[in-house]
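As a plain string of letters, each chain reads:
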Amino acid sequence: MPIADLVITGAHIRTLDPHRPRASAVAVRDGLIAAVGEDADVRDWRGPDTEVVDLGGGWLVPGLVDGHSHPVWGLDLATGLDLTAVRDLDGLRSALASAPRTDGWVLGWGLDHNALEGRPVDRALVEDVLDGAPAFLRLYDGHSALVTGAGLRAAGITGPRAFVQRSHIAVDADGRLTGHLVEHAAMDLVTAVMPRATYDERRTRLIDLLNAMAATGLTGAHVMDLGDPALMDAVARETVLPLRLRFAPWCMPGADADDLAELVALQGRGGRHWQVGGVKFFMDGTVEGGTAWLDHPDCHGQGTDAFWPDPDAYSDAVRVLHRAGVRTATHAIGDAAVRHVLSTIESLGPGGRHTHRVEHIESVPDDLVARFAEVGVVASMQPPHTDYTRADLSDAWSARLGEERASRAWRLRDLRDAGVVVALGSDWPIAHHDARGVLATARAPRGAASSRAGLSGLQALEGCTSHAALAAGEEAVAGRIAEGYRADLTALGLDPVGAPADEVAEAPVLLTVTGGHVVHRGSGR
């Protein structure tokens with residue numbers, strides 16, 4: 001009999017394999033699961049070089065996967081002062097007054113719209129505490145930023161501009177630049193002239209981040225951008241990546257036949273534990289930024305336009321990629337955006353079932369919940385986003401939508417109960433990457449979604465394992481603990497299904513195994 005590289009015993013194993021739902025031991029060889037059963041079933045797999053780990057009654061589940069993350073591109077987004085803990089304008093001004101400078105700039109990220117206390121996003125709120133320094137402060141959603149006058153001047157921005165995308169440079173009623181840049185095309189004008197970390201700094205931050213993600217039990221992430229292939233290739237050659245990363249490069253408005261052909265050619269590019277697989281679209285922006293595409297205008301009279309000026313061009317691009325065998329993921333937050341994506345995928349016929357997915361889905365009516373199931377579209381959702389809303393609907397997101405639409409917030413359980421495949425993620429750095437937090441908030445959504453039932457413990461676990469595998473088309477090799485499947489495993493100190501959600505959020509991570517490699521050990525393991 002061949003000898004295993006790793007044997008795990010003394011475990012309560014939730015395999016998510018319907019043929020053997022429970023076990024207590026597993027053997028791993030050459031990065032794959034070689035045997036699953038009781039301790040006696042794996043005894044003969046041990047050899048002198050086999051690493052044996054006794055979990056002492058810990059709980060072993062398929063490796064947790066973040067269904068929507070930005071661990072490489074996010075290094076640039078999460079640069080400078082961390083503003084995620086700022087709760088009001090005084091706190092923001094205080095943080096900026098003592099903020100460090102990077103080549104003369106003040107950089108910040110993670111600023112909650114609610115911290116502005118209902119005021120419009122305007123540089124006048126903060127410029128007097130910055131002593132004339134150029135500043136670029138990303139709002140939490142990653143789709144907008146607050147830039148000071150010095151920052152605008154450094155980028156040569158003197159007034160509004162026209163963009164192919166639904167992007168804009170905001171001005172007030174007098175035509176004055178407010179410093180509010182909405183969507184990527186506008187922000188890119190400033191990021192092009194901002195200080196940027198060196199290669200070595202980015203490499204170190206990437207490795208540290210991936211190790212921190214693994215320490216929460218993550219063994220993989222669906223990366224909703226192209227990232228930096230050269231950096232990924234170099235790091236993957238130097239070390240074993242602690243997470244499997246599956247990248248989906250962007251297809252933006254205006255993409256022509258050559259652009260689509262290039263996206264098709266990128267598929268499969270990669271190395272050990274990383275690969276390009278899929279393409280990411282944007283059908284709209286964000287509710288708070290006024291760029292979510294809604295059936296009816298938001299309470300500011302905005303939100304009636306698609307991100308693609310010609311939505312049919314988006315549909316044509318999806319069809320081209322589908323014919324080439326490429327899976328797609330589309331950012332769609334507003335009900336009109338979701339509706340258009342579902343219609344597009346429905347037009348693909350039966351071959352589109354469970355091949356394409358929608359990202360975010362923050363507020364949808366009953367008829368769209370049913371259509372997800374009918375068309376067979378994967379719902380990729382990020383429960384931690386509910387943290388940015390409030391149960392009394394006084395937050396910026398709810399105020400924009402109005403009570404009726406805000407009451408439809410994050411319908412995780414409704415989608416699951418309708419038979420929809422629901423993959424769960426964090427959208428780091430928009431929310432923290434901690435996999436335990438994703439599991440917990442899926443079961444107990446917060447803010448505007450707190451009045452709704454969350455997922456069951458099993459449904460939440462499936463969202464980070466078997467449903468994540470389905471969303472990536474990897475259900476034959478990942479998402480369960482069964483012979484021949486990838487040896488991606490997460491061991492926790494308690495049952496992630498049966499324990500209360502708040503305890504799951506703090507669960508000890510005993511072991512994280514990716515491709516048969518132990519990439520994280522908890523205390524004493």
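Here the structure is shown first, and the text comes after it.
Source: prediction; values computed, not measured.

Chemist: Would you mind showing me how to read the packing of helix H6 (residues 199–214) against helix H7 (residues 229–238) here?
Modeler: The description of two packed helices rests on the angle between their axes and on the distance between the axes. Between H6 and H7, the least distance of the axes is 11 Å, while the angle of their chain directions is 60°. Comparing the axis directions of H6 and H7 gives the class oblique. In this structure, H6 crosses over H7, and the sense of that crossing is right-handed. Residues Tyr199, Arg202, Arg203, Leu206 and Ile207 of H6 lie in contact with H7, whose contacting residues are Leu231, Met232, Ala234, Val235 and Glu238. Of the residues that constitute the contact of H6 with H7, the class distribution is seven nonpolar, no polar and three charged.

Chemist: Any chance you could explain the pairing of strand S20 (residues 328–332) here in plain terms?
Modeler: Looking along a regular strand, one sees side chains alternate from face to face of the sheet. For S20, the buried fraction is high: five of the five residues fall into the buried class. Of the two faces of S20, the one holding Thr328, Thr330 and Ala332 and the one holding Ala329 and His331 are both buried throughout. As defined by bridge partners, strand S19 (residues 279–282) adjoins S20 across four bridges and the pair is classed as parallel. The residue of S20 that forms the bridge with Val279 is Thr328. Taken together, S19, helix H9 (residues 311–323) and S20 constitute a β-α-β crossover, and its handedness is right-handed. Read from S20 through helix H10 (residues 335–346) to strand S21 (residues 356–360), the crossover connection turns out right-handed.

Chemist: For this particular structure, what's the right way to read H7?
Modeler: Count 3.6 residues to each turn of an α-helix, and residues three or four apart come out pointing the same way. Every buried residue of H7 is listed here: Pro229, Leu231, Met232, Ala234, Val235 and Ala236. Of the surrounding elements, those touching the buried residues of H7 are H6, strand S16 (244–247) and strand S18 (274–276).

Rules and cut-offs
- Residues numbered from 1 in each chain as written.
- Predicted model: local features only at pLDDT ≥ 70, side-chain atom pairs only at ≥ 80, totals over all residues.
- Heavy atoms only, no water.
- Axes fitted to C-alpha atoms, helices over the stretch in contact; angles between N-to-C directions.
- Helix = DSSP H or I, 4+ residues; strand = E, 2+ residues; numbered from the N terminus.
- Parallel < 35°, antiparallel > 145°, perpendicular 65-115°, else oblique.
- Left-handed = near helix turned anticlockwise from the far one by under 90°.
- Contact = heavy atoms within 4.5 Å.
- Nonpolar A, V, L, I, M, F, W, Y, C, P; charged D, E, K, R; others polar.
- Buried < 20%, exposed > 50% of the residue type's maximum accessible area, 1.4 Å probe, protein only.
- Pairing = 2+ DSSP bridges.
- Right-handed = clockwise from strand over helix to strand, strands pointing away.

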